[in-house]
Amino acid sequence: GFWRFVRYKQYEGFMYDGYLKPLNRSIPDSLKDTKRASSSSDTLQPSVPISFTLAMETYNYCGDYDQLDPSLHWYGIYPPEQGKTAFTLERIRLELVLLKTNANGLMEFDVRTDREEKSLFLIGTDQQLDRGDLLYLPTVWQNELPITMYPGMETTVFARSVAENPKNLHMQAFGAVMPGAEGECPSLVDYQIHMRTSGAMDQKTQDIAPLLEATDACAPPELIWFGDLNGDDLSDALWAVKNRDDARLSLLISVLQGKDIWTLADSWIIKNCQP
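Residues numbered from 1 in each chain as written. Predicted model: local features only at pLDDT ≥ 70, side-chain atom pairs only at ≥ 80, totals over all residues. Heavy atoms only, no water.

### As for the environment of Lys242
Using the following cut-off: Secondary structure elements are defined from DSSP: runs of H or I of at least 4 residues count as helices, runs of E of at least 2 residues count as strands, and each element is numbered from the N terminus. Partly exposed residues are those whose accessible area sits between 20% and 50% of the maximum for their type, while under 20% is buried and over 50% is exposed, using a 1.4 Å probe and protein chains only. Only heavy atoms matter for contacts: two residues are in contact if any of them lie within 4.5 Å across the pair.
Among the structural elements, Lys242 can be located in strand S17 (residues 236–242). Residue Lys242 is classed as partly exposed on the basis of its relative accessible area of 46%. If we skip the residues at most four places from it in the chain, Lys242 touches Ala217, Cys218, Ala219, Glu222 and Ala247.

### As for the sheet that holds strand S4 (residues 58–62)
Defined as follows: At least two bridges found by DSSP between two strands are what make those strands a pair. Between the N-to-C directions of two axes lies an angle of 0 to 180 degrees, each axis being a line fitted to C-alpha atoms and, for a helix, fitted only over the stretch in contact.
Sheet architecture is open: three strands sit in the order S4-S8-S7, paired in antiparallel fashion. Each edge of the open sheet is held by one strand with a lone partner, namely S4 and strand S7 (94–101). Strand after strand, the sheet turns through a mean of 25 degrees between neighbouring axes, direction not considered. Relative to strand S8 (residues 107–113), S7 runs antiparallel, the two sharing seven bridges. Across the sheet, residue Thr101 finds its bridge partner in S8, namely Met107.

### Things to note about unusual backbone geometry
Going from Leu145 to Pro146, the amide bond is cis rather than trans, its omega being 0 degrees. Backbone geometry at Glu213 places phi at a positive 50 degrees, although glycine is not the residue there. Inspection of the secondary structure puts Glu213 in the loop between helix H2 (209–212) and strand S16 (222–227). A residue is classified by how much of its surface remains accessible, and Glu213, at 43% relative accessible area, is partly exposed. The phi dihedral of Asp233 falls on the positive side, at around 70 degrees, and the residue is not glycine. With respect to the element layout, Asp233 can be found in the loop between S16 and S17.

### Some details on a nonpolar patch on the surface
Formally: In this analysis, a patch consists of residues with relative accessible area above 30% that form no salt bridge, clustered at 9 Å for like charges and at 5 Å for the nonpolar side chains Val, Leu, Ile, Met, Phe, Trp and Tyr. Accessibility throughout is a Shrake-Rupley quantity obtained with a 1.4 Å probe, and a residue counts as covered only by protein chains that appear here. Every case where a carboxyl oxygen of Asp or Glu lies within 4 Å of a side-chain nitrogen of Lys or Arg is listed as a salt bridge.
A contiguous nonpolar surface patch, about 500 Å² in accessible area, is contributed by Trp3, Phe14, Met15, Tyr16 and Leu20. Looking at where Met15 falls in the secondary structure, it is placed in strand S2 (residues 11–16).

### Quick notes on the nonpolar core
Threshold: Side-chain atoms within 4.5 Å link the members of a nonpolar core, which is a set of buried Ala, Val, Leu, Ile, Met, Phe, Trp, Tyr and Cys residues.
By size, the foremost hydrophobic cluster in this structure holds 58 residues, and its most contacted members are Phe121, Ile123, Phe226, Trp239 and Trp262. The element best represented in this core is S17, accounting for five residues. Once residues lying within four places of it in the same chain are set aside, the contact partners of Phe226 are Leu135, Leu137, Trp141, Leu145, Thr156, Val157, Phe158, Ser235, Asp236 and Ala237.

### Structural notes on the pairing of strand S12 (residues 154–157)
The alternating pattern of S12 places Thr155 and Val157 on a buried face and Glu154 and Thr156 on a face that is not buried. With four bridges joining them, S12 and strand S13 (residues 169–178) adopt antiparallel strand pairing. Within S13, the residue paired with Glu154 across the bridge is Gln172.

### Focus: the pairing of strand S6 (residues 86–91)
For a regular strand, side-chain orientation follows a simple rule: the groups alternate between the two sheet faces. In this sheet, S6 lies alongside strand S5 (residues 73–78) in antiparallel orientation, the contact comprising four bridges. Note on S6: the bridge partner recorded for Gly76 is Glu90. For S6 and strand S10 (residues 132–136), the ladder comprises four bridges, and the chain directions are antiparallel. When the sheet's bridge partners are listed, Phe87 is paired in S10 with Leu135.

### Some details on the pattern of salt bridges
Pairs may arise between side chains of opposite charge once their charged atoms sit close together. One pass over the full model with this rule turns up six salt bridges. The residue Asp114 makes a salt bridge to Arg93 at a minimum N-O spacing of 3.7 Å. In this pair, Asp114 is assigned in the loop between S8 and strand S9 (121–125) and Arg93 in the loop between S6 and S7, connecting sequence segments 21 residues apart. For Asp114, a relative accessible area of 38% puts it in the partly exposed group. Across the pair Glu117 and Arg115 runs a salt bridge, and its minimum N-O distance is 2.8 Å. Overall, the relative accessible area of 29% leaves Arg115 in the partly exposed class.

Okay, structure coming up:
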């Protein structure tokens, strides 16, 4: 929830909106020049977090462990339990176990949590998030993930459930996949992933392939997971791109700013630790 400006009889102030329902959304003139009021309208705009650090529970990981700040609010995204449909967001304690510097000069370390179950992925943020049920996916949808976005592939991503919603986002891949020479990986030619909004909101279209750095990929990007992480009722997503020497996981977060629908929050690169 968020703090909202309220007026009750002769009193004015701010209150947590979990105890409120909107009756009058106008802002007093005395507040319109402050940072708490929106400069573009007469309604308060809640702060939606878009700054996230991405991490994976990984053993013998090679990379820069300085990018992981244990002092952030860390959460794990967990798959549904047997026979359930809800993915959940749970608070965790991040644990980094330094191992050694290998022959390539890379630090090897483990990324762990204080929970026994294994997460799909981890996110860190400077704001607290609502824990609990995050996304409801029927088993048939769970079995379809990850989705490889071959040219011509279309799919819809949503925030909470598969129900029709004007805030659902639609995507379609374009381009071609050309086979590589002997010993070479395939190449993507003129590859794009067009993301577009639907419903009554302003129509936006964005090619998200540049965010995934898929130009030199050895295969089309894979949509690993989607759901609403920042609480704005729009889907966010985790993507994977396989390159010749590494794999890149990218967390895209909804922003709906200008022409953009998603922005790149953070990437997690998995390298070969062996010399």
